[in-house]
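# Secondary and tertiary structure notes
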Amino acid sequence: MSDAHGAARLTARGVVRRYGGIEAVAGVDLVALPGRITALIGPNGAGKSTLFDCLAGTVRPDAGRVLLGGRDVTRLPAHRRVRLGLARTFQQIAVFPTLSVADNVRVGAEQQSRRAGRSDARAVAERTARALRLFGLQAVAAEPAGAQPSGVLRLVELARALAGGPRVLLLDEPAAGLDAAQTARLVSVLRGLAERGMALLLVEHDAELVAELADSVYAMAEGRMVAGGPTSAVLADPRVSRAWGGVS
Ligand code: ATP
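To keep things clear, this report deals only with the structure shown in the data block. Not measured: the values here are computed from a predicted model. (Residues numbered from 1 in each chain as written. Predicted model: local features only at pLDDT ≥ 70, side-chain atom pairs only at ≥ 80, totals over all residues. Heavy atoms only, no water.)

### Overview of unusual backbone geometry
For Glu 173, which is not a glycine, the phi torsion comes out positive at approximately 50 degrees. On the accessibility criterion, Glu 173 (12% relative accessible area) is buried. Of note in the backbone geometry, Glu 222 takes a positive phi value of approximately 50 degrees without being a glycine. Structurally, Glu 222 can be placed in the loop between strand S9 (216-221) and strand S10 (224-230). (Buried < 20%, exposed > 50% of the residue type's maximum accessible area, 1.4 Å probe, protein only. Helix = DSSP H or I, 4+ residues; strand = E, 2+ residues; numbered from the N terminus.)

See below:
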């Protein structure tokens, strides 16, 4: 189920990634569906970031496949996956500090123009403005990103990822560093994106946020999936609360 601009699911099939003797990801299946918010949870060292990197293309799996829509992207590098509509944010915030907030967001908007095979300055400006508005960033748009507090930078990163018009959005701890108002805004923006057909997959430590936001949850421990399914069922699963180190 994929076309040039439409909805797409992201699928991991039997993904394995080893570091030395450790299987950081030990044969994992996962599907992030269009129109749904999917969460990936688990204790430190469970393999969440490694799986995330395999999905985004910054880490190559040793075995298994990654599919974006119907297309096998396992061997495609991250930037090629971006062009196919896969965007991500990072746990460690990654913005260009000397560029303005607006220019950081524009980078994402330009990626979509490249995907569409054209460079339309007005469309880029409109997508940039829309993404800034979505996160209430107009007031700081002209200021250097490096001068902003971390909560604002998190929103800048999200706005940049969205300005590219992705079909699938990977979010690595999107609420880290956000205050209550910013988190509320994040929740409503992410819900709106899912309602419009985007597939969202987030790695998140905050159990309350997962319970509030996610339609379905995958729980990892020691490189394996220990549970997967509707959020309330997975969070109530004793194997998950045990593996999640008592966070509830
Ligand atoms: P956290 O919640 O702390 O981010 P995580 O669930 O994302 O943890 P990973 O970071 O994927 O877990 O780590 C899984 C395992 O793989 C750990 O044992 C980790 O030490 C190991 N690992 C991850 N990346 C590397 C690497 N680049 N080199 C060596 N070992 C790694």
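Alright, that's what it looks like, and here's the rest.
### A few points about the sheet that holds strand S5 (residues 71-72)
Judged by pairing direction, the sheet is antiparallel, and its four strands sit side by side in the order S2-S1-S4-S5 without closing on themselves. Every other strand in the sheet has two partners, leaving strand S2 (22-32) and S5 as the edge strands with one partner each. Examined bridge by bridge, strand S1 (residues 10-19) and S2 share eight bridges and lie antiparallel to one another. Bridge pairing links Val 15 to Val 28 in S2. (Pairing = 2+ DSSP bridges.)

### Observations concerning the sheet that holds strand S8 (residues 199-203)
One open sheet holds the six strands; their spatial order is S6-S7-S8-S3-S9-S10, and the pairing between them is mixed. Of all strands in the sheet, those with a lone pairing partner are strand S6 (86-88) and S10, marking the two edges. Direction aside, neighbouring strands of the sheet carry axes that sit 15 degrees apart on average. Where strand S7 (residues 168-172) lies against S8, five bridges are found, and the strand directions are parallel. Paired with Asp 172 across the strands is Val 203, a residue of S8. Most of the contacts of helix H5 (residues 150-163) go to S7, to which it runs at about 165 degrees, and overall it touches S6 and S7. (Axes fitted to C-alpha atoms, helices over the stretch in contact; angles between N-to-C directions. Contact = heavy atoms within 4.5 Å.)

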